[in-house]
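# Notes for the structure review
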Amino acid sequence: MRIAYHLGAHCTDEDRLIRCFLKNRAVLAEQGILVPSPTRYRRQVREISDKLGGQVATPETQAMMLEQIIDDAEGERIVLSWDSFMGFPAWAVGETFYPRGGEIMRAITRIFPDHSSEFFLAIRNPATFLPALQAKIDAKGSASGPRAMVSAIDPFSLRWSDTVRQILRNNPGVPLTVWCDEETPLIEPEIMQAISGHAAGTLLADSDEVLAQIMTDIGIARMRNYCKEHPPQSVSQRRRVVTAFLEKFARPERVEVEIDVPGWTDETVAQLTDLYLRDVAYISGMAGVRLIEA
């Protein structure tokens with residue numbers, strides 16, 4: 001089997017993808033794609049990988065974990081999703097984003113040595129990612145205090161390409177698919193198909209949840225009706241349709257991110273955004289990486 005790991009990052013997907021896959025579990029199972037409940041593996045894989053200490057699992061341990069995750073079901077692909085696979089929010093930023101992410105994933109994949117792996121990662125503009133991550137940490141009652149993480153680092157030193165590089169270095173031969181969270185509304189079907197591997201033309205219920213969250217109810221209803229009456233004939237055509245409806249029906253409060261970080265100015269945000277775009281362009285040329293882009 002092939003195991004597809006959706007790695008997050010934090011403050012991007014918020015479990016929307018795995019909720020959609022779970023709603024469509026029966027349809028996917030018909031194609032040999034298994035989608036276990038996150039409660040069956042999230043805590044367990046971290047505990048087992050810690051016990052293994054980086055060593056390869058025995059056949060008995062591997063069989064035990066697979067039985068716990070998928071019972072006796074048979075399939076060709078398993079989809080696992082957790083934004084804390086590579087580290088919990090408080091440990092998501094160091095000298096780079098998820099500094100131990102590649103090492104942790106190497107340990108996790110060694111639980112299943114007889115099965116191939118594939119990684120999927122959404123990245124986000126540091127100008128919005130860092131404040132959102134800090135808010136997530138604060139919401140969990142971190143003792144570090146508000147704004148502690150953001151104020152303690154140099155945001156201009158952070159590059160997602162460094163994270164990608166160390167994931168690849170620690171997991172040679174494991175394919176890595178990356179996309180920008182900001183583009184998810186336009187590329188969500190391609191993301192979902194890449195992760196699950198479902199056949200082209202497969203209809204998945206609630207597969208436009210991201211759009212439903214950032215578009216008015218009237219807008220999403222009209223777009224769905226339009227696509228039903230005029231099914232897009234290509235990826236580019238669908239993106240043009242989505243763009244047109246977003247321009248008219250987007251919820252401003254959902255698409256316009258307010259950034260409030262002490263000491264940050266509009267120029268700070270603009271500079272971080274420019275560095276991010278340059279970094280994405282660099283990632284697109286890295287060997288072993290597939291970039292899904294609009």
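See above for the structure.
Residues numbered from 1 in each chain as written. Predicted model: local features only at pLDDT ≥ 70, side-chain atom pairs only at ≥ 80, totals over all residues. Heavy atoms only, no water.

## Side note on the pattern of salt bridges
Under the counting rule described, the total for this entry stands at 14 salt bridges. Close ionic contact of Lys-136 with Glu-14 constitutes a salt bridge, the shortest N to O distance being 3.5 Å. A residue pair is termed long-range when its members are at least 10 positions apart, and Lys-136 in helix 6 (residues 126-139) and Glu-14 in the loop between strand 1 (2-6) and helix 1 (16-23) qualify at 122 residues. (Salt bridge = Lys/Arg side-chain N within 4 Å of Asp/Glu carboxyl O. Helix = DSSP H or I, 4+ residues; strand = E, 2+ residues; numbered from the N terminus.)

## What to know about the layout of surface pockets
One way to see where empty space is left: roll a probe the size of a water molecule over the atoms. Volume-wise, the largest pocket comes out at about 940 Å³. Taken together, 27 residues line the largest pocket, and the ones lying closest to its centre are Pro-189, Thr-202, Leu-203, Ser-207 and Arg-238. Of all the secondary structure elements, the ones that give two or more residues to the lining of the largest pocket are helix 9 (184-196), helix 11 (217-229) and helix 12 (235-249). For the lining of the largest pocket, the element with the most residues is helix 9, which contributes five residues. In this structure, the second largest pocket encloses a volume near 680 Å³. The wall of the second largest pocket is formed by 20 residues, among which Arg-124, Asp-181, Ile-214, Arg-254 and Val-257 lie closest to the centre. Of the residues belonging to the lining of the second largest pocket, the class tally is eight nonpolar, four polar and eight charged. (1 Å grid on protein atoms, 1.4 Å probe; cavity = no way out; pocket = protein on both sides within 12 Å on 5 of 7 lines; lining within 4 Å. Points joined across faces, edges and corners; volume = space filled by probe spheres on them. Nonpolar A, V, L, I, M, F, W, Y, C, P; charged D, E, K, R; others polar.)

## Description of helix 9
At Glu-190, helix 9 is deflected by roughly 35°, the largest bend along its length. Counting buried positions over the 13 residues of helix 9 gives ten, a clear majority of the element. Residues Thr-184, Pro-185, Ile-187, Glu-188, Glu-190, Ile-191, Met-192, Ala-194, Ile-195 and Ser-196 constitute the buried set of helix 9. Downstream of helix 9 by one or two residues, Gly-197 has phi in the positive range, about 75°. (Bend = angle between axes of the 7 residues up to and from the residue. Buried < 20%, exposed > 50% of the residue type's maximum accessible area, 1.4 Å probe, protein only.)

## Description of the packing of aromatic side chains
Centre distance and the angle of the planes are the two values used to describe a pair of aromatic rings. Tallied over the full model, the rule gives ten aromatic pairs. Ring centres of Tyr-226 and Phe-245 lie 6.0 Å apart, and the angle between their planes is 55°; this geometry places the pair in the tilted category. Highlighted residues: Tyr-226 in helix 11 and Phe-245 in helix 12, separated in sequence by 19 residues. Under the relative-accessibility criterion, Tyr-226 is labelled partly exposed at 36%. For Phe-245, a relative accessible area of 15% translates into the label buried. (Phe/Tyr/Trp six-rings, centres within 6.5 Å; stacked < 30°, edge-to-face > 60°.)

## Focus on helix 11
The first and last C-alpha atoms of helix 11 sit 18 Å apart over 13 residues, in line with the 18 Å expected at 1.5 Å per residue. Burial in helix 11 covers these residues: Gly-219, Ile-220 and Met-223. Mapping the buried residues of helix 11 onto a view down its axis gives an arc of 95°, with all of them on the same face. Those residues of helix 11 that are exposed and aimed more than 90 degrees away from the buried face are Asp-217, Ile-218, Lys-228 and Glu-229. Residues of helix 11 that are buried in the fold lie against helix 10 (209-214) and helix 12. (Expected span 1.5 Å × (residues − 1). Arc of directions from axis to C-beta. Contact = heavy atoms within 4.5 Å.)

## A short note on the nonpolar core
In this structure, Tyr-5 and Phe-85 are the most contacted members of the largest nonpolar core, which totals 75 residues. Among the nonpolar cores identified, the runner-up in size contains ten residues, and Ile-214, Met-215, Met-223 and Phe-245 belong to it. (Core = buried A, V, L, I, M, F, W, Y, C linked by side-chain atoms within 4.5 Å.)

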